[in-house]
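Below are the chains, spelled out letter by letter.
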Amino acid sequence: MDQGKNIKVGIVRDDRYMLHRPGLVHPERPDRLKAIYKMLDKDFASTVTNIQPELATLEQIELVHTPTYVRKVLRTADRDFTNLAPDTPVCSKSYIAALLAVGGCIKGLQAMLSGRCDVCFALVRPPGHHAQRDRGEGFCIFNNLGVTARFSNERYGFSRILIVDWDIHHGNGIQNLFYGEKDVFYVSTHYRGWYPHTGDWGETGTGEGLGYTVNLPLPKNIQDNDLLYLYSQVLGLVMKNYRPELILVAAGFDGHCDDPMGRTHLTEMAYKGLTELMLDLQEAGGNLPVLLALEGGYHLPSLVSSVRTVINVLSGKRSNHRATFPPTELGAELLEKAYQIHRGYHVWTD
Ligand SMILES: [Zn+2]
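Basis of the calculations
Residues numbered from 1 in each chain as written. Predicted model: local features only at pLDDT ≥ 70, side-chain atom pairs only at ≥ 80, totals over all residues. Heavy atoms only, no water. Helix = DSSP H or I, 4+ residues; strand = E, 2+ residues; numbered from the N terminus. Expected span 1.5 Å × (residues − 1). Contact = heavy atoms within 4.5 Å. Phe/Tyr/Trp six-rings, centres within 6.5 Å; stacked < 30°, edge-to-face > 60°. Buried < 20%, exposed > 50% of the residue type's maximum accessible area, 1.4 Å probe, protein only. Core = buried A, V, L, I, M, F, W, Y, C linked by side-chain atoms within 4.5 Å. Disulfide = S-S within 2.5 Å. Pairing = 2+ DSSP bridges. Axes fitted to C-alpha atoms, helices over the stretch in contact; angles between N-to-C directions. Salt bridge = Lys/Arg side-chain N within 4 Å of Asp/Glu carboxyl O. Donors = N, O, S within 2.8 Å, 3.2 Å for Na, K, Ca; no water. Tetrahedral: all angles 85-135°; square planar, octahedral: opposite > 155°, others 65-115°.

## Considering helix α1 (residues 31–43)
Alright, step 1. Helix length check: α1, at 13 residues, gives a terminal C-alpha distance of 18 Å against a target of 18 Å (1.5 Å per residue), a fit within 8%.
Alright, step 2. Tucked into the core, α1 has its buried residues touching β1 (9–12), β10 (290–294) and α9 (300–314).

## Structural notes on the packing of aromatic side chains
Geometry of an aromatic ring pair is reported as the spacing of the ring centres plus the angle between the planes.
Alright, step 1. Tallied over the entire structure, the rule returns 12 aromatic pairs.
Alright, step 2. For the pair Phe253 and Tyr271, a centre-to-centre distance of 4.8 Å together with 70° between the ring planes defines the contact as edge-to-face. Taken as a pair, Phe253 in the loop between β9 (246–251) and α8 (268–284) and Tyr271 in helix α8 lie far apart in primary sequence, 18 residues in all.
Alright, step 3. When its relative accessible area of 0% is taken as the criterion, Phe253 is described as buried.
Alright, step 4. Its relative accessible area of 2% is what places Tyr271 among the buried residues.
Alright, step 5. A connected cluster of aromatic rings, assembled from ring pairs, spans Phe121, Trp166, Phe253 and Tyr271.

## Section: the nonpolar core
Alright, step 1. Formed by 114 residues in total, the largest nonpolar core has its most connected members in Ile36, Phe121 and Leu123.
Alright, step 2. Per-element accounting of this core gives the leading share, 11 residues, to helix α7 (residues 224–242).
Alright, step 3. Those residues within four positions of Phe121 in sequence are excluded, and the remaining contacts are Gly10, Ile11, Val12, Ala251, Phe253, Leu292, Ala293, Leu294, Val307, Val310, Ile311 and Leu314.

## A look at the state of the cysteines
Alright, step 1. One pass over the structure, following the stated rule, counts zero disulfides.
Alright, step 2. Here Cys105 stays unpaired: no disulfide links it, and the sulfur of Cys120, its closest cysteine neighbor, is 8.2 Å away.
Alright, step 3. Distance from the sulfur of Cys117, which forms no disulfide, to the nearest cysteine sulfur (Cys120) is 4.7 Å.

## Thoughts on the sheet that holds strand β2 (residues 49–51)
Alright, step 1. Across the sheet, eight strands lie side by side as β2-β1-β5-β10-β9-β6-β7-β8; this open sheet has parallel pairing. Each having just a single partner strand, β2 and β8 (213–218) make up the two edges of the open sheet. In this sheet, neighbouring strand axes are inclined to one another by 15° on average, regardless of whether the strands run parallel or antiparallel.
Alright, step 2. When β1 meets strand β5 (residues 119–122), the two strands line up parallel, connected through four bridges. Opposite Val9, over in β5, you have Val119 as the bridge partner.
Alright, step 3. Relative to strand β7 (residues 184–191), α7 is tilted by about 170°, and along the sheet it contacts β6 (161–165), β7, β8 and β9.
Alright, step 4. Along the sheet, α9 makes contact with β1, β5 and β10, crossing β5 at roughly 165°.

## Some details on the pattern of salt bridges
Alright, step 1. Throughout the structure, instances matching the rule amount to 15 salt bridges.
Alright, step 2. Lys107 is the partner of Glu54 in a salt bridge, and the nearest nitrogen-oxygen pair spans 3.3 Å. Remark: Lys107 occurs in helix α4 (residues 94–113) and Glu54 occurs in the loop between β2 and α2 (58–61); sequence separation between them is 53 residues.
Alright, step 3. Look at Glu54 and you get partly exposed, because its relative accessible area is 48%.
Alright, step 4. Look at Lys107 and you get partly exposed, because its relative accessible area is 22%.
Alright, step 5. Close ionic contact of Glu181 with Arg150 constitutes a salt bridge, the shortest N to O distance being 2.9 Å. Taken together, the residues span a long stretch of sequence, with Glu181 in the loop between α6 (172–178) and β7 and Arg150 in helix α5 (residues 144–156) at a distance of 31 residues.
Alright, step 6. Arg150 sits in the buried class, given a relative accessible area of 14%.
Alright, step 7. It is possible to trace a salt-bridge network through shared partners that takes in Glu28, Arg32 and Arg125.

## Here's the deal with the coordination of the zinc ion
Alright, step 1. Around the zinc ion, the protein contributes the donor atoms Asp167 (OD), Asp167 (OD), His169 (ND1) and Asp254 (OD), which lie 1.9 to 2.8 Å from the metal centre.
Alright, step 2. Every donor counted, the four donor atoms about the zinc ion form angles of 52 to 153° at the centre, which fits irregular coordination.
Alright, step 3. Along the chain, the residues donating to the zinc ion fall in the pattern D-x1-H-x84-D.
Alright, step 4. Residue His169 is classed as buried on the basis of its relative accessible area of 8%.

On their own, these measurements won't tell you what the molecule is for.
Printed below as a string of structure tokens:
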């Protein structure tokens, strides 16, 4: 280990992400990123590498989305407002932000591969993890990380891609895209029984992908330490037995206790620990690229504070981040349940 080596943190940001205006009362509003960017300018102006996103090409978007759906999104430019789904209204310029959200994640990946940064946080909107092949839903237009995963496979030949989804909602879009594949290993924690009502324990993949989807539905009383123990154990084994070449993180912060969508007991400490864990995994994998992309998070103060916590950990000295995640009763119970369900697939379990 390089003692004291600073990690070069890339941040994808662009004011054009504010062009997506889903309506005055919509929770996924431009103010989310405005508040985060303001914090970045104040706290991290000289310590991070800003990465300018580019619009994703239609060819890239169509790696996972149907041409019919892509055309439908592009046609929303003709009208002031269109409902892509009842909860996913868009304005005439939303398609620009949506293309830029995917393009920002791709640019972030490329910035790591070219050595401009060691780790990257794409602070983009709209979010992506609910977006399906042929439709938008859950505030998501295009599946930002889904396209990035497929692109990394087709363009750079990554064949073992780990997607970690710590948003409080199940990333049904990502799961569905890769449910029958083993090139992408999807791990999600989310509240049990909440929107989008998928992600139960038994959803483990199909065909070749059987065992490559790990759903960890969380009970209401989950605490920071339970979550961290569960993640550290599962991902430790995934690192050892799946050996990912790339880690993508669907980084939603609506699990924070102050967030109106989550109403959990989780705090910034959970995101601190999760980020430390991602750095541990990065190192364990021989400095593999780790790209985080913003998903949910709707309570501005806790969103800003959680993102600040993540970037603080990312930009800390490498030798200081070693974290420990002691077992908890609930964490051990959830781990055992996951193990029982997945043991027979011999994919990530010992
Ligand atoms: Zn969410």
